[in-house]
Amino acid sequence: MVFTSSVFLFLFLPIFLAVYHLLPSNRRTLWILIASYLFYGWWRIDFLVLFIATTAFTYLVGRGLVAGPKRGRYQGLLLTLGVAGNLATLAYFKYFNFGVESLDSLLVTLGGSPLLAWQVILPIGISFYVFQSVSYLVDIHRGDASGSTRFVDMAAYIALFPQLIAGPIVRFKELAPQLESPVASFSDFSQGSLRFMIGFCKKVLVADMVAPLADAVFSLSQPTAAEAALGALAFAVQLFFDFSGYSDMAIGLARMMGLRLLENFAMPYRSRTITEFWQRWHISLSRWLRDYLYIPLGGNRRGRRRTYVNLMLVMLLGGLWHGAAWTFVLWGAWHGLLLVGERLLRENGRGPRLPRRVAVARTFLFVALGWITFRADGIAGATAMYSGLLGVHGMGISPQLAWQLPSSAVVALAAGCLLIWLPAPAPPPRDSLPAPLPAPAARVATAVIVPVFLLGVLRMVADSFSPFLYFRF
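Report follows, based on the coordinates. Because the structure is a prediction, the values reported are computed rather than measured.

1. What about the pattern of salt bridges?
Under the defined criterion, the tally for this structure stands at 20 salt bridges. The closest approach of N and O atoms between Arg 343 and Glu 347, which form a salt bridge, is 3.2 Å. With a gap of four residues between them, Arg 343 and Glu 347 both fall in helix α14 (residues 326-347), about one helical turn apart. What makes Arg 343 buried here is its relative accessible area of 17%. Here Arg 375 ties to Asp 377 by a salt bridge, and the two come within 3.8 Å at their closest N and O atoms.

Rendered as C-alpha cells:
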C-alpha cells in the first residue's frame, strides 16, 4: 500500500485515524502495530511473516543485551549475532541476484557457463527496517537506549507505517518515549494534515508529471547534448520531489498521530558544497552512516589517509545500499571522491572561494552528473548520457524526443525548478524537529494547499498508479 493510492487515502487512513483517536492513549501503540502490519501485508503476506520474524529476532537479542552482563565477551557476541542476522537477511534478499549475475558475467568472460540459480524478490522497505533494527541493537549495546521490555512497543517502533517503507530512519530513543502513550492535539492533527497535503502535491503534481520526461530521455540510445542535460535536470527534480514528498507525508502522518519525526530534507539543491549537500539530503541516512559506520571505522580520528579511506568506504557502501547494481557503486564512488577532494582542498587551504550562487550551481552540477549514473539502467546507458552531454550525438532536441515531450511535463519541470531555487527562509537546523507554522501562516498555507491537494487527488484517481522511487531501495 502506498500513500498516493485510493485504497490508502479513502479507506485505510480514515479508518486508522478514526479508531486511533477514539482509543485511549495507552491502547494506541497496539493499534499502530496492527495497522502497520496490515499496511505492509497488503503487498505480500509472506514478506509480512519475514518482517515479523526479523523484528522478533531483534527483540529477543535486544532483551539478551539488556538482561546479560553489561560488559565483556557475552555482550559482544550477542551484538554480533543480532547485527549479522539482520545484515545477512538484507544481503540475501537484496544482493543475491546481483552476486549471481556478476559471477555469471565473470564466468562467461572466462569461457565458462553461467550458473543456474533462482531469482530472489526484494521485500519492500527491507533496507530501512533492517537499518532501524541494527541501530536499535547497537544503541542498547552502547547504552544510548534502554531497550524495550514490551514487544509491542519495540515492534511498533520498527513497523510504524508512515516511515516503514522509505524512512526517515528513526532511532529508538527518539520514538520510544512518544510511543509509550501517544497524545495528539488538534494543532498536531492540523499541522500534520497540512504537511501531508504538501508532500502529496510534491509527489503527484511535480514528481509524477516530470517522470515521463526523464524516462523518455533515459530511454534514448544516443541522446544529444540538450536532451542529456534536460534528462539529467528532469530526473534531479523528479527524485527530489518524489522522495522529499514521501518524507513530508511520513512526517505529516506521524504528526497527525501526535508523533514527531525528524526532518529528512533541508533544501539540498541549495548546498554550496557536496559535504553540505549530504547534510541536507536524506538526513536520516547520512546520520545513520555517520553514527553506525563512519565513526566505528575511526571517523577522522586516525589521521588524514584513514579519514579519506573511511569516507570512500562509507560512500561506496551507501551507494550499494541504494541498489544492487554496479551503477550504484559507481555513484557512491563519485560522491566519495568529491567528499575526499573537498576535504583535501579545505585542509590545504586551497578551497575555491566562490560567490554563493556560483558555488550552489557548481554543487548542483556535480550532483546532477552523479544522478545520471544513479538513474541509468546500466553502465552503457550512463555512458550514452555522458557522451550525449559532450555533444557526441549532436546538440539540439531531436524529432525522436520532441514528439514525446508533453507540455504538462515541461510546465511541471519549470515549476519544480522555481520551487527549488526561488528565495525562501533558511532551512531548519540539522537533526531538528519540524517547526510548527505560526497560526496566520498556517491559515494562508491551508487556503492555498487544499485546492491544490484536491487537484492532486483528482489526478491520482484519473492516472495510473506510480510508486515512490525510493521504494525500490
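2. As for the nonpolar core
Nonpolar side chains in soluble globular proteins generally cluster together in the buried interior. Counting residues in hydrophobic clusters, the biggest one holds 138 residues, and the most contacted among them are Phe 8, Phe 16, Tyr 269, Trp 281 and Trp 371. The greatest single-element share of this core, amounting to 17 residues, is contributed by helix α10 (residues 225-256).

3. Thoughts on the environment of Ala 117
Here Ala 117 is to be found in the loop between α4 (73-109) and α5 (126-142). For the pair Ala 117 and Ala 234, spaced 117 residues apart in the sequence, the C-alpha separation amounts to 37 Å. Each residue touching Ala 117, except ones within four places of it in the same chain, is listed here: Phe 96 and Val 100.

4. Examining the packing of aromatic side chains
Under the defined criterion, the tally for this structure stands at 54 aromatic pairs. Look at Phe 8 and Phe 39: their rings are 6.0 Å apart centre to centre, the planes differ by 75 degrees, and that puts the pair in the edge-to-face class. Of this pair, Phe 8 sits in helix α1 (residues 6-22) while Phe 39 sits in helix α2 (residues 28-41), placing them 31 residues apart in sequence. Per residue, the accessibility class of Phe 8 equals that of Phe 39, and both read buried. Seen in terms of ring centroids, Tyr 136 and Phe 172 are 4.9 Å apart; in terms of plane orientation they differ by 85 degrees. Their pairing is edge-to-face. With Tyr 136 in helix α5 and Phe 172 in helix α8 (residues 172-180), this pair connects stretches of sequence that are 36 residues apart.

5. Let's talk about the packing of α2 against helix α6 (residues 151-159)
Packing of α2 against α6 brings their axes to within 9 Å, and their N-to-C directions diverge by 45 degrees. Put simply, α2 runs oblique to α6. The handedness of the crossing between α2 and α6 comes out as left-handed. Touching Thr 29, Leu 30, Ile 32, Leu 33, Ser 36 and Tyr 37 of α2 are Phe 151, Val 152, Asp 153, Ala 155, Ala 156 and Ala 159, all from α6. Residue composition of the contact of α2 with α6, by class: nine nonpolar, two polar and one charged.

6. Looking at the environment of Ile 420
By secondary structure assignment, the location of Ile 420 is in helix α18 (residues 407-421). Considering only alpha carbons, one finds Ile 420 and Val 237, 183 residues apart in sequence, at a separation of 8.5 Å. Setting aside residues up to four positions removed in sequence, Ile 420 forms contacts with Val 237, Phe 240, Phe 241, Tyr 269 and Arg 270.

7. Some thoughts on the side chain of Gln 75
Following the sequence through the fold, Gln 75 ends up in helix α4. Separated by 2.7 Å, the side chain of Gln 75 and the backbone oxygen of Leu 65 make a polar contact.

8. Section: the packing of helix α9 (residues 186-218) against α10
Look at α9 against α10: their axes get within 7 Å of each other, and the N-to-C directions meet at 160 degrees. By the angle class used here, α9 and α10 are roughly antiparallel. Crossing hand, α9 versus α10: left-handed.

Rules used throughout
- The numbers attached to residues start from 1 for each chain and follow its sequence in the written order.
- A pLDDT threshold of at least 70 governs which residues receive local features in this predicted model, and a stricter bar of 80 or more applies before side-chain atom pairs are shown or counted, although totals over entire chains, interfaces and linings include all residues.
- No hydrogens and no water enter the side-chain calculation; it runs on all heavy atoms of the structure.
- Between Lys or Arg on one side and Asp or Glu on the other, a salt bridge is scored when a side-chain nitrogen of the former is within 4 Å of a carboxyl oxygen of the latter.
- Where helices and strands are cited, they refer to DSSP runs of H or I of at least four residues and of E of at least two residues respectively, numbered from the N terminus.
- Working definition: with a 1.4 Å probe on protein chains only, accessible area under 20% of the residue-type maximum means buried, over 50% means exposed, and in between means partly exposed.
- To qualify as a nonpolar core, a set must consist of buried Ala, Val, Leu, Ile, Met, Phe, Trp, Tyr and Cys residues joined through side-chain atoms within 4.5 Å.
- Only heavy atoms enter the contact rule, under which two residues are in contact if any of them lie within 4.5 Å.
- The pairing test for Phe, Tyr and Trp rings, Trp by its six-membered ring, is centres within 6.5 Å, and the orientation test on the planes gives stacked under 30 degrees, edge-to-face over 60, and tilted for anything in between.
- Here the axes come from fitting lines to C-alpha atoms, over the contacting stretch only for helices, and the angles between their N-to-C directions go from 0 to 180 degrees.
- The labels follow the angle: roughly parallel below 35 degrees, roughly antiparallel above 145, roughly perpendicular from 65 to 115, and oblique for the rest.
- The hand of a helix crossing depends on one turn: near helix anticlockwise from the far one by less than a right angle means left-handed, and clockwise means right-handed.
- Residues are grouped as follows: Ala, Val, Leu, Ile, Met, Phe, Trp, Tyr, Cys and Pro are nonpolar; Asp, Glu, Lys and Arg are charged; every other residue, Gly included, is polar.
- Here a polar contact is recorded for every N or O atom pair within 3.5 Å, except that within protein the pair must consist of a potential hydrogen donor and a potential acceptor, and residues adjacent in sequence are included only if both atoms are side-chain atoms.

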